[in-house]
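Fold and contact review
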Amino acid sequence: QVQVVESGGGLMQTGGSLRLSCAVSGDIFRVNTMAWFRQAPGKRRELVALIDYNHTTNYSDSAKGRFSIWRVDAERSMYLQLNSLKPEDTAGYYCNVGVIRVLAHKDVGVWGQGTRVAVST
């Protein structure tokens, strides 16, 4: 019932920028925490940035100072601005949202299918 779709990934040179989007749809009562994760080949999925219901943000050490996360609650969307990209940023980027569905009593996390970011050396 709840769908999460990422977009905006692509190929970029070192030092370039990309903007990732995450759109949430379905029978949702409230969207709580929203977060971006990434997973490079052969590595564990790691948290990149998080924004909670009150728009408080948190960034990983690698993201801090380069990436920005924000959300537009009226649109049930979230964005991640990637600046000063490095080859180490190459990964699949995944949106995870905590939602309370209509008539539900608890938060459930929902994953998107991801969007790929590749940064050339």
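Up top is the structure.
Residue numbers here run from 1 along each chain, matching the order of that chain's written sequence. Only residues with pLDDT of at least 70 get local features here, since the model is predicted, and only at 80 or more are side-chain atom pairs given and counted; chain-wide, interface and lining totals rely on the full set of residues. In computing side-chain values, all of the structure's heavy atoms are included and hydrogens and water are not.

The next subject is the overall build of the protein. For helices the rule is a DSSP run of H or I covering at least 4 residues; for strands it is a run of E covering at least 2, with both sets numbered from the N terminus onward. Looking only at helices and strands, one finds zero helices and 11 strands in the protein. Each helix (α) and strand (β) of the protein, taken in turn from the N terminus, gives the series β-β-β-β-β-β-β-β-β-β-β. Against the 2.2 N^0.38 benchmark of 14 Å for 121 residues, the protein shows a C-alpha radius of gyration of 14 Å, consistent with a compact globule. Taking the principal axes of its C-alpha atoms as reference, the protein extends roughly 50 × 25 × 25 Å. Considering only intrachain contacts with a sequence separation of at least 6, the fraction spanning at least 24 residues in the protein is 56%. For every accessible area listed, the method is Shrake-Rupley and the probe measures 1.4 Å; residues are considered covered only by the protein chains on display. Entry remark: accessible area of the protein is about 6800 Å², with carbon and sulfur atoms responsible for 49%. As a reference, a globule follows 2.2 Å times the number of residues to the power 0.38, and the radius of gyration itself is taken over C-alpha atoms. The criterion used for residue contact is that any of the two residues' heavy atoms lie within 4.5 Å.

Attention now moves to the sheet that holds strand 1 (residues 3-7). Taken in spatial order, the four strands line up as 1-3-8-7 in an open sheet, and their pairing is antiparallel. Each end of this open sheet is capped by a strand with a single partner; those strands are strand 1 and strand 7 (67-72). Strand-to-strand, the axes of this sheet are offset by a mean angle of 15 degrees, without reference to chain direction. Being paired, for any two strands, means DSSP has found at least two bridges between them. Pairing between strand 3 (residues 18-25) and strand 8 (residues 77-82): six bridges, direction antiparallel. Along strand 8, the bridge assignment pairs Leu-20 with Leu-80. Axis definition: a line fitted to C-alpha atoms, over the contacting stretch in the case of helices. Angles run 0 to 180 degrees between N-to-C directions.

Two cysteine sulfurs form a disulfide in these notes if their separation is within 2.5 Å. The final tally for this structure, using the stated rule, is one disulfide. Residue Cys-22 pairs covalently with Cys-95 via a disulfide, S to S 2.0 Å. Here Cys-22 and Cys-95 share a disulfide; its torsion about the S-S bond, -70 degrees, makes the bridge left-handed. With Cys-22 in strand 3 and Cys-95 in strand 9 (residues 91-101), this pair connects stretches of sequence that are 73 residues apart. This pair shows no difference in class: Cys-22 is buried, exactly as Cys-95 is. The rule is simple: take the accessible area with a 1.4 Å probe, protein chains only, and divide by the maximum for that residue type; under 20% is buried, over 50% is exposed, in between is partly exposed.

This part covers the side chain of Arg-66. Positionally, Arg-66 belongs in the loop between strand 6 (57-59) and strand 7. Think of a polar contact as two N or O atoms within 3.5 Å of one another; within protein, one of them needs to be a possible hydrogen donor and the other a possible acceptor, and neighboring residues in sequence only count if both atoms come from side chains. Within the local environment of Arg-66, its side chain forms a polar contact with the backbone oxygen of Ser-62, the two atoms lying 2.9 Å apart. Apart from residues no more than four positions distant in its own chain, Arg-66 is found in contact with Gln-81, Leu-82, Asn-83, Ser-84, Leu-85, Lys-86 and Asp-89.

Moving on to the environment of Arg-101. With respect to the helices, strands and loops of the structure, Arg-101 is situated in strand 9. C-alpha separation for the pair Arg-101 and Ala-35, spaced 66 residues apart in sequence, amounts to 18 Å. Those residues in contact with Arg-101 that lie beyond four places of it in its chain are Gln-1, Val-2, Asp-27, Ile-28 and Phe-29.

The subject of this paragraph is the pattern of salt bridges. Any Lys or Arg side-chain nitrogen found within 4 Å of a carboxyl oxygen on Asp or Glu counts as a salt bridge. All told, the structure shown has four salt bridges when counted by the stated rule. Here Glu-46 makes a salt bridge to Arg-38, at a shortest N to O gap of 2.8 Å. The buried category is assigned to Arg-38, whose relative accessible area is 7%. A network of salt bridges, in which partner residues are shared, links Arg-38, Glu-46, Arg-66 and Asp-89.

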